Amino acid sequence: MAQFFDIFLLEAVLNGLLFGGVLALLALGLNLVFGVIDVVWICYAELMMIGMYTVYYLHNIYGLPLFVAFGAAVVLVGALGMLLHVLVIRPVLNSEPINQLLVTGGVLTFLQAAATLAFGIEFKNLGVSMPSLLVGEISLPWSRIAAALTAVTAMGLLWLFLKKTYIGTAIRAISQDRAIMPLMGVDASRIYLTTSAIGGGLAGLGACLLVLQYDVHPAIGLSFGPLTFMVCVLGGLGNMLGGFIAAFIFAQLINVGGFVWSTEWGYVMAFGFFIVMMFVRPQGILGGKS
Amino acid sequence: MKPRPAWAFAIAALAILPLLVSSNYLLHVMVLVFIWSFIYTAWSLMGRFGLVSFGHSAFMGIGAYVVTMLWNFHGLSPWLGIPIAVALACGLAVLIGYPCFRFRITGHYFALVTLALTEVVRSVIVALRDTTGGSLGVTPNSVLKDGTTWSLTALQFADKRVFFYLALGLWLFGLWVWQRIDRSMLRYAMEAVSQEEDAAASVGVNVTRAKLTVTVISAALTALGGALYGQYQQYINPETVASIGVSLQIVFAVIAGGMFVRLGPTTGALFTLLLTEALRVTIGNKINALDSTIYGLMLVLFIIYMPTGILGRLMRKKKPADGASGGPARPAPA
């Protein structure tokens, strides 16, 4: 047992904590969209992939400063979110939930393939290397720390926005009762559009954090997509606090499982845990009975 | 299925096709059409009743990998390997299906659970890279050397025509299973369940058992299709048999063809494969991405404008309001 509690395990746990922060941010946008519009964007991670390419091209090819590229990515993916809502989600808003899932599955295939056509299948690296923070023998990459901090800040800001502004209140109201709010004078379609923009923007922000740590390639969405919506479902779809907790559970399973065995087994554990939890608590860890 | 002579004629025409076609390329495309048609048909056995699975590549992967692993490491003939793989797929289907149906996990929650299943199977294949070859894939040990052109025990044939007949037989078997289910009480039970679970239960339908039955049949057939796919291609890797991409491809093709009519999945397979091949011939190169780009776009358009698929739409135009003959039961997939 002594070797089990070694310093590397602690490092894995801390890295898992930081990874959890990023996952939580990714889940946040998806959860917001689901909570308000009641649609799962299966293609959420592909929007993120577009954001990562935006940062890469603006920074590495056109030489813009990193922060300008980040801002552009957030705005662009936010706009993509709105576009997605208008072109794809709106026409199926009243059809079966499974059709809404499938239609965004089509967008997933489309974006991934279009990115392959446009950018090629090569892995592209931003080439920005950040040092690591050394605490004793533990090394934590600054990119991960920055990502986790940004994620927590973004969550705080979103919470303030939802609680303190008029439109935030309207968003929360409509997620509680879709049928009544239009009668109260809330323009549902405008709220949906705003929510899609924020959801897309959060995907864009996630892209900025991921591009610092991972190479961009057209299939990167498949590495993060399933993880993201499993985090959301595990937390109770639409339940942001639940998603937050679930993100950390998932990240720990993957990192510690990956440390003890191998990365793939970490994923097997995480997905297996998800399946088991679906049977035990289908409404999510914090979800109420529906 | 009333005009039987038409069917007999069509099957006979298909059966003599390899004697007329000498091009290996055309034969190859036809074999693939049959194998995929079979798998799509298997998926639709569930899909038509509202059980939309994003996890069928898991069963396909099990079919392909178990047979190949048993052959490569234990020298077990695919004739024994296939039943084992199919049994394992059935076991997995029960393992995942029973709790899902027992705890009323339906709609997109069911889709997400099955999606997780795909990821589990794919990750396990990659994680066991010492035996499975990981993402690089694996080739069944070939016995086709030193002049040997075929081996029945190894289920390996150099002649594509043999696979043509195997695949044709499998496809017909798939259609037969579809018809058996279509004419059984199970179909009525499942139709009731897919529309109103509680009401179906209240009139005495054992909901869990009905769902589990179609799921197990569907999983078994999919594993069978995966096994033949592996034997035919003589090369499998997680991306081509056990990935989310494959799961989505299955769903897309079926939606394009139409999942509520018997030949709908086949239409989907024909349509998608012909599109891919046509693009390959006309444009060449960079092809993988271009056909998927079009698929993705069309999937979106199909769901928005033509949810019953190509064949479903055509058949509805031909004979409106003939619900009893297995035509499109509902306007939209549930």
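See the structure shown above.
Figured I'd write up the structure that's included with this text. (Residues numbered from 1 in each chain as written. Chains lettered and ligands numbered in written order. Predicted model: local features only at pLDDT ≥ 70, side-chain atom pairs only at ≥ 80, totals over all residues.)

**Some thoughts on the nonpolar core**
Turning to step 1, where the next piece is worked out: Residues Leu23(A), Leu25(A), Met52(A), Phe250(A) and Ala223(B) are the most contacted members of the largest nonpolar core, which totals 202 residues.
Turning to step 2, where the next piece is worked out: Residues in contact with Ala223(B), not counting those within four places in the same chain, are Phe59(B), Met60(B), Ile62(B), Gly63(B), Ala85(B), Val86(B) and Ala89(B). (Core = buried A, V, L, I, M, F, W, Y, C linked by C-beta atoms within 7 Å. Buried ≥ 20, exposed ≤ 12 C-beta atoms within 10 Å, placed from the backbone. Contact = placed C-beta atoms within 7 Å.)

**Looking at the pairing of strand 1 (residues 132–135) of chain A**
Turning to step 1, where the next piece is worked out: One ladder, built from four bridges, connects strand 1 of chain A with strand 2 (residues 138–141) of chain A; its direction is antiparallel. Of the residues in strand 2 of chain A, the one forming a bridge with Leu134(A) is Ser139(A). (Pairing = 2+ DSSP bridges. Helix = DSSP H or I, 4+ residues; strand = E, 2+ residues; numbered from the N terminus.)

**Re the interface of chain A and chain B**
Turning to step 1, where the next piece is worked out: Taken together, the contacts link 38 residues of chain A with 40 residues of chain B.
Turning to step 2, where the next piece is worked out: Broken down by secondary-structure element, the contributors of at least two residues to the side of chain A that touches chain B are helix 4 (97–119), helix 8 (220–235) and helix 10 (263–280) of chain A.
Turning to step 3, where the next piece is worked out: Sorting elements by how many residues they give to the side of chain A that touches chain B places helix 4 of chain A first, with 15 residues.
Turning to step 4, where the next piece is worked out: Split into classes, the residues belonging to the side of chain A that touches chain B amount to 28 nonpolar, eight polar and two charged. (Nonpolar A, V, L, I, M, F, W, Y, C, P; charged D, E, K, R; others polar.)

**Re helix 2 (residues 44–61) of chain A**
All names here are of chain A.
Turning to step 1, where the next piece is worked out: Here helix 2 contains 18 residues, and its C-alpha end-to-end distance of 25 Å stays within 8% of the 26 Å for a straight helix at 1.5 Å per residue.
Turning to step 2, where the next piece is worked out: Summarising burial for helix 2: 15 of the 18 residues are buried, a large majority.
Turning to step 3, where the next piece is worked out: Where helix 2 terminates, the next one or two residues include Gly63, which has phi positive at roughly 70°. (Expected span 1.5 Å × (residues − 1).)

**Concerning unusual backbone geometry**
Turning to step 1, where the next piece is worked out: We note that Asp38(A) has phi near 70°; this positive angle belongs to a residue other than glycine.
Turning to step 2, where the next piece is worked out: Tracing the chain through its elements places Asp38(A) in the loop between helix 1 (7–37) and helix 2.
Turning to step 3, where the next piece is worked out: Although it is not a glycine, Gln234(B) adopts a positive phi angle of roughly 60°.
Turning to step 4, where the next piece is worked out: Here Gln234(B) lies in the loop between helix 10 (207–233) and helix 11 (238–241).

Scope: geometric values only; no functional claims are made or implied.
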